[in-house]
Amino acid sequence: MKWDDVGDQPCSIARTLSVIGDRWTMLILRNAFMGIRRFDDFQQNLGVTRHVLSDRLKRLVEYEILVRTPYMDRQERFEYRLSEKGLELYPVLLGMAAWGDKWMDEGKGRPVDFIHKSCNHSFSPVVVCSECGEPVHARQVKPVFTQVYHQFVASHDKQA
């Protein structure tokens with residue numbers, strides 16, 4: 001399978017990766033969540049080439065994760081703001097940060113604390129069941145393929 005075809009799978013993870021699955025895109029999103037909005041600020045902070053940054057920003061706008069809005073009248077200058085769709089990626093980044101803090105910190109501790117504005121406490125993200133509220137761990141989850149998956153497999157079997 002070619003990388004360009006990953007998003008065609010009946011897999012939510014593959015579909016998500018087809019849009020945000022490269023390091024520059026994830027770092028752009030991280031910076032957007034930290035309040036960076038302008039092209040030059042992304043470029044300076046990340047050290048990414050202008051071409052790569054432009055390509056990734058266009059893709060995030062195309063998929064409505066970022067919204068491009070003008071911020072100067074005289075010149076065509078734009079800011080890139082997280083859309084509602086983009087904001088919903090925050091748990092993904094929090095999860096990545098928690099994993100990196102646990103497994104990739106080289107014994108130095110976490111570089112960023114996340115403060116919950118409502119209670120003003122530093123927190124660690126936890127996945128909880130939407131039905132019972134209990135924390136969810138990998139060994140407590142059983143994936144069950146839906147009809148969407150079975151239909152996809154059946155249609156590809158007929159094509160083969």
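Residues numbered from 1 in each chain as written. Predicted model: local features only at pLDDT ≥ 70, side-chain atom pairs only at ≥ 80, totals over all residues. Heavy atoms only, no water.

Engineer: Explain the layout of surface pockets to me, using residue names and the numbers behind them.
Structural biologist: Of the pockets and cavities examined, the largest pocket occupies roughly 640 Å³. The wall of the largest pocket is formed by 20 residues, among which Arg-30, Leu-93, Met-96, Ala-97 and Phe-114 lie closest to the centre. Considering each element in turn, the lining of the largest pocket owes the most residues, seven residues, to helix H6 (residues 90–103). Of the residues in the lining of the largest pocket, the class split is 13 nonpolar, two polar and five charged. Approximately 500 Å³ is the volume found for the second largest pocket. Along the wall of the second largest pocket there are 15 residues; nearest its centre are Gly-95, Ala-98, Pro-125, Val-126 and Val-127. Residues of the lining of the second largest pocket, tallied by class, amount to twelve nonpolar, two polar and one charged. (1 Å grid on protein atoms, 1.4 Å probe; cavity = no way out; pocket = protein on both sides within 12 Å on 5 of 7 lines; lining within 4 Å. Points joined across faces, edges and corners; volume = space filled by probe spheres on them. Helix = DSSP H or I, 4+ residues; strand = E, 2+ residues; numbered from the N terminus. Nonpolar A, V, L, I, M, F, W, Y, C, P; charged D, E, K, R; others polar.)

Engineer: So, the nonpolar core: which residues are in play, and what are the values?
Structural biologist: For soluble globular proteins, nonpolar side chains are generally found buried alongside one another. The biggest cluster of nonpolar side chains holds 21 residues, and the ones touching the most others in it are Ile-20, Ile-28, Leu-29, Phe-42, Leu-57 and Leu-66. Elements represented by at least two residues in this core include exactly helix H1 (12–20), helix H2 (23–33), helix H3 (39–46), helix H4 (50–62) and strand E2 (77–82). What Ile-20 contacts, discounting residues up to four positions off in sequence, is Thr-25, Met-26, Leu-29, Leu-60, Ile-65 and Leu-89. (Core = buried A, V, L, I, M, F, W, Y, C linked by side-chain atoms within 4.5 Å. Buried < 20%, exposed > 50% of the residue type's maximum accessible area, 1.4 Å probe, protein only. Contact = heavy atoms within 4.5 Å.)

Taken by themselves, the reported measurements are silent on function.
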